[in-house]
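Observations on the three-dimensional arrangement
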Amino acid sequence: MIWPVLAALGEPHTLCGPEYTCYRFTMPLRSLQNCTSLRASPSFAKQVADKLRSNTQLTCLHLLGGHSITVSTAGAQALAGALTNNSALRELSLNGSPIGAEGGRALGKALEVNTALRTLGMHGQVIEDDGAVALGTALMRNKALTTLDLSTNNISARGAQALAKSLRTKSALTSLDLGVNPIGLEGVRALAEALGSSTALRSLRLSSDMIGGAEGARLLSDALKSNAALTSLSLTCYYGCNTMTLGYVALGDDGVAALSDSLKVNSALQELDITGNMLSDEGARVLGEALKVNQGLTTLRITGSLLVPGSHVEASLIDALKRGGFGAISYRYDGPMVHLLAGRARRSDLFSHFHLPISDNDSQWSSLYESSSPPPPPPPPPLPSPYI
């Protein structure tokens, strides 16, 4: 029996969806079943891979990295080999375990033949463009994978273009996270063009200051005017939130104005997160005008230096949100900035719509407005992908 050293952390892992129960706990490797989250070294990853080749019970596995403990390229290659034979695993996360471009290429090759995996979490693995290109090639053949997290992987335009190409070829992907990747204008241009023809993608996350700021927002806005599938868009700012930092530029008022134009005609988008992009008076005014017309958006998260309760900007925007049917509005101070969270649902339901940090909990938000009338019924869920 193999007894690895595991972390007994006890809490359910947030990445596991409603279909699975995912707990971190210590147990012998040969009894792995249901959903398990483990700290993994390269040698341990190889041992897990050996077991996965014949395991028919395990449906969800998270191999956690951190500090000096990583899956590494060799571990990823071993896991990729196992995925070519395994037909049980539905969710695999290697978040925080850098596997490099070689590891990304190996997993891409495995996905070309694997028909079981639905969710792949690859946050912070530094797969770069070569790894992203391999995954994009795999997605052109793979009709099973629906959720892919590639955030913080140093992916630029070439990798984004390869992934966008897969979206245009009837990929089954419904959720794509490319946050904190410097894909630039050419990368977002390719993704925007893909949105024009994609009918499967429901959720897209990018970093607003890594897509060319307002110019990137205009490309996405043009795509949203004709896209009827995307329901969730996150354009949070990472580096250049207050000023130009290392060439990174936030959306600014021009970018928010571009997105507002699409909100006037798009009725599919339900969630919009533009945190960190620092709306000013003009940006808030333009967004407010669009929200008076838009009937599809159900949750909105924004940040601004002037969104202070009682100010002209706050009054104008809050009035627009109320007119638009938003029944719950909350705010939280963060130094000179004010975060505002608004939704058509009750305040108690509002926080589940966004992946807020642990420190960003309900108790830190003050209620600015909550309607006394019951919220409208939720919109019908999006149609499932025909490829699942």
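Residues numbered from 1 in each chain as written. Predicted model: local features only at pLDDT ≥ 70, side-chain atom pairs only at ≥ 80, totals over all residues. Heavy atoms only, no water.

The next thing to look at is the overall build of the protein chain. When helices and strands are tallied, the protein chain shows 11 helices and 14 strands. Pairs at least 24 apart in sequence give 78% of the contacts found in the protein chain among residues at least 6 apart. Looking at the protein chain as shown, the accessible area adds up to about 16,200 Å², and 53% of this sits on carbon and sulfur atoms. (Helix = DSSP H or I, 4+ residues; strand = E, 2+ residues; numbered from the N terminus. Contact = heavy atoms within 4.5 Å. Areas by Shrake-Rupley, 256 points an atom, 1.4 Å probe, with all protein chains shown as cover.)

With that out of the way, let us pick up the packing of helix 3 (residues 100–111) against helix 4 (residues 128–139). Relative to each other, helix 3 and helix 4 sit at 5 degrees, their axes nearing to 7 Å. Relative to helix 4, helix 3 is oriented roughly parallel. Contacts between helix 3 and helix 4 involve Ala 101, Gly 104, Arg 105, Leu 107, Gly 108 and Leu 111 from the first element and Asp 130, Gly 131, Ala 134, Leu 135 and Ala 138 from the second. Class assignment for the residues of the contact of helix 3 with helix 4 results in six nonpolar, three polar and two charged. (Axes fitted to C-alpha atoms, helices over the stretch in contact; angles between N-to-C directions. Parallel < 35°, antiparallel > 145°, perpendicular 65-115°, else oblique. Nonpolar A, V, L, I, M, F, W, Y, C, P; charged D, E, K, R; others polar.)

The next point concerns the side chain of His 62. Along the polypeptide, His 62 turns up in strand 3 (residues 58–64). Polar side-chain contacts of His 62 include one of 3.0 Å to the side chain of Glu 91. (Polar contact = N/O pair within 3.5 Å; in protein donor to acceptor, adjacent residues only side chain to side chain.)

Most of strand 3 is tucked away, with six of its seven residues classed as buried. Sheet topology note: the strand 3/strand 4 (residues 91–93) ladder contains three bridges and is parallel. Pairing of His 62 across the sheet is with Ser 93, part of strand 4. (Buried < 20%, exposed > 50% of the residue type's maximum accessible area, 1.4 Å probe, protein only. Pairing = 2+ DSSP bridges.)

This paragraph deals with the pattern of salt bridges. Charged atoms that come close allow side chains of opposite charge to pair. Taken as a whole, this structure holds 10 salt bridges when the rule is applied. Between Arg 205 and Asp 177 there is a salt bridge, and its shortest N-O distance comes to 2.9 Å. Separated by 28 residues along the polypeptide, Arg 205 in strand 8 (residues 203–207) and Asp 177 in strand 7 (residues 175–177) bring together distant segments of the chain. What makes Arg 205 partly exposed here is its relative accessible area of 27%. Here Glu 282 and Arg 285 are joined by a salt bridge, their closest N and O atoms 2.6 Å apart. Taken together, the residues span about one helical turn, with Glu 282 and Arg 285 both in helix 9 (residues 281–293) at a distance of three residues. Through salt bridges with shared partners, a single ionic network connects Glu 102, Arg 105, Asp 130 and Arg 158. (Salt bridge = Lys/Arg side-chain N within 4 Å of Asp/Glu carboxyl O.)

Let us look at helix 5 (residues 157–167). Most of helix 5 is tucked away: eight of the 11 residues are buried. Among the residues making up helix 5, those that are buried are Ala 157, Gly 159, Ala 160, Ala 162, Leu 163, Ala 164, Ser 166 and Leu 167. Packing partners of the buried residues in helix 5 comprise helix 4, strand 6 (147–149), strand 7 and helix 6 (184–195).

Counting 83 residues, the largest nonpolar core has Leu 206 and Leu 321 as its most contacted members. Those residues in contact with Leu 321, other than ones at most four positions away along the chain, are Leu 291, Leu 300, Phe 326, Ile 329, Leu 340 and Ala 342. (Core = buried A, V, L, I, M, F, W, Y, C linked by side-chain atoms within 4.5 Å.)

Given a rise of 1.5 Å per residue, 12 residues ought to cover 16 Å, and the 17 Å separating the end C-alpha atoms of helix 8 (residues 252–263) matches this to within 8%. Listing the buried residues of helix 8 in full gives Gly 255, Val 256, Ala 258, Leu 259, Ser 260, Ser 262 and Leu 263. Against helix 7 (214–224), strand 9 (232–236), strand 10 (271–279) and helix 9 lie the buried residues of helix 8. (Expected span 1.5 Å × (residues − 1).)

In the contact formed by helix 8 and helix 9, the axes pass within 9 Å of each other and the chain directions differ by 5 degrees. Relative to helix 9, helix 8 is oriented roughly parallel. Facing Asp 253, Val 256, Ala 257, Ser 260 and Leu 263 of helix 8, the residues of helix 9 in contact are Glu 282, Gly 283, Val 286, Leu 287, Ala 290 and Leu 291. Its residues placed into classes, the contact of helix 8 with helix 9 shows seven nonpolar, two polar and two charged.

The next thing to look at is the environment of Ala 328. Take Ala 328: it is sitting in strand 12 (residues 328–334). You can call Ala 328 buried: its relative accessible area is 1%.

This part takes up the pairing of strand 9. Summarising burial for strand 9: five of the five residues are buried, a large majority. Residues Ser 232, Ser 234 and Thr 236 of strand 9 are buried on one face, and the alternating residues Leu 233 and Leu 235, pointing to the opposite face, are buried as well. Relative to strand 9, strand 8 is paired through five bridges, and the arrangement is parallel. Bridged to Arg 205 within strand 9 is Ser 234.

A few words on unusual backbone geometry. A positive phi angle is found at Asn 154, which is not glycine, with a value near 55 degrees. As for its placement among the helices and strands, Asn 154 is situated in the loop between strand 6 and helix 5. Of note, the phi angle at Lys 170 is positive, near 60 degrees, even though the residue is not glycine. You can see Lys 170 is positioned in the loop between helix 5 and strand 7.

What follows concerns the side chain of Ser 93. Within the secondary structure, Ser 93 is located in strand 4. Separated by 3.1 Å, the side chains of Ser 93 and Asn 95 make a polar contact.

Bringing the confidence of the model for the protein chain into the picture now. Put simply, the protein chain has an average pLDDT of 78, and 70% of its residues get 70 or more. Ranking the elements of the protein chain by mean pLDDT puts strand 1 (residues 23–24) last, at 34, and helix 4 first, at 98. When the criterion is pLDDT under 50, residues 1–33 qualifies, and its contacts beyond four places in sequence or with other chains add up to 76 contacts. (pLDDT = per-residue confidence, 0-100.)

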